Every structure is written in structure tokens, then in C-alpha cells.
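# Structural features, examined
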Amino acid sequence: MSDLVNLRATFIPNDGEQFRVRLALDIAIEEVVKEPGCLRYEVTEDTPERIVLTEQWESEEALAVHGKGSAVQDLNESLSALLAEPVKLDKLP
């Protein structure tokens with residue numbers, strides 16, 4: 001399974017918005033874990049300064065479909081006014 005894709009998404013909430021960011025992520029997680037190819041999609045760090053979501057996908061293709069899906073679009077819309085900076089997405093080994 002050398003084509004697994006591991007990602008870390010880091011969210012920096014605006015002051016006082018951690019709860020709302022986490023709520024938006026929890027809603028998205030419920031949908032995303034049902035997507036084909038999703039092996040892991042969970043919050044692995046949650047502090048007032050940052051929230052980290054760890055993802056694992058079966059393939060680049062599954063990740064690409066996820067990136068165009070309604071769960072991601074809805075999440076981006078929900079977070080648009082809640083984050084201090086754009087989401088940082090890192091590919092992990």
C-alpha cells in the first residue's frame with residue numbers, strides 16, 4: 001500500500017473562536033469518514049491556539065475526490081470568518 005496519503009491540517013482559530021472551529025470540524029468529520037478511501041480523519045490536537053486534523057487516504061485519487069466534495073466545501077464556508085490564517089496542509093511520510 002505504498003500509495004497511502006497522510007496529511008496534517010492545522011487550523012489557527014481567531015481569538016475566542018476555538019469552540020466554533022471545533023464544532024465545524026466535528027460536523028465535517030461525521031461526513032468525511034464515510035467517503036470512499038478515507039482511512040483516518042480525526043482531530044489529534046485541540047488547544048486554544050491551534051487545532052490539528054490528521055488524515056489518511058487510500059490514494060491520491062481518493063484525496064482528490066474528497067477535496068472537491070461537499071463536506072470540504074461546507075467546512076471551508078463555515079470556517080471562512082473563524083480562522084486567523086489559512087489552513088496549513090502538510091503531507092506526511
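Rules behind the numbers
- Residues numbered from 1 in each chain as written.
- Predicted model: local features only at pLDDT ≥ 70, side-chain atom pairs only at ≥ 80, totals over all residues.
- Heavy atoms only, no water.
- Pairing = 2+ DSSP bridges.
- Helix = DSSP H or I, 4+ residues; strand = E, 2+ residues; numbered from the N terminus.
- Axes fitted to C-alpha atoms, helices over the stretch in contact; angles between N-to-C directions.
- Contact = heavy atoms within 4.5 Å.

This part takes up the sheet that holds strand 3 (residues 51–57). Spatial strand order, 2-3-1-4: four strands in an open sheet with antiparallel pairing. The open sheet terminates on both sides in strands that have one partner only, identified here as strand 2 (38–46) and strand 4 (88–92). Recorded for the sheet is a direction-independent mean angle of 20° between the axes of neighbouring strands. Of the pairings in the sheet, the one linking strand 1 (residues 5–11) to strand 3 comprises seven bridges and is antiparallel in character. Pairing of N6 across the sheet is with Q56, part of strand 3. Contacts from helix 1 (residues 18–32) reach strand 1, strand 2 and strand 3 within the one sheet, and its direction differs from that of strand 2 by about 165°.

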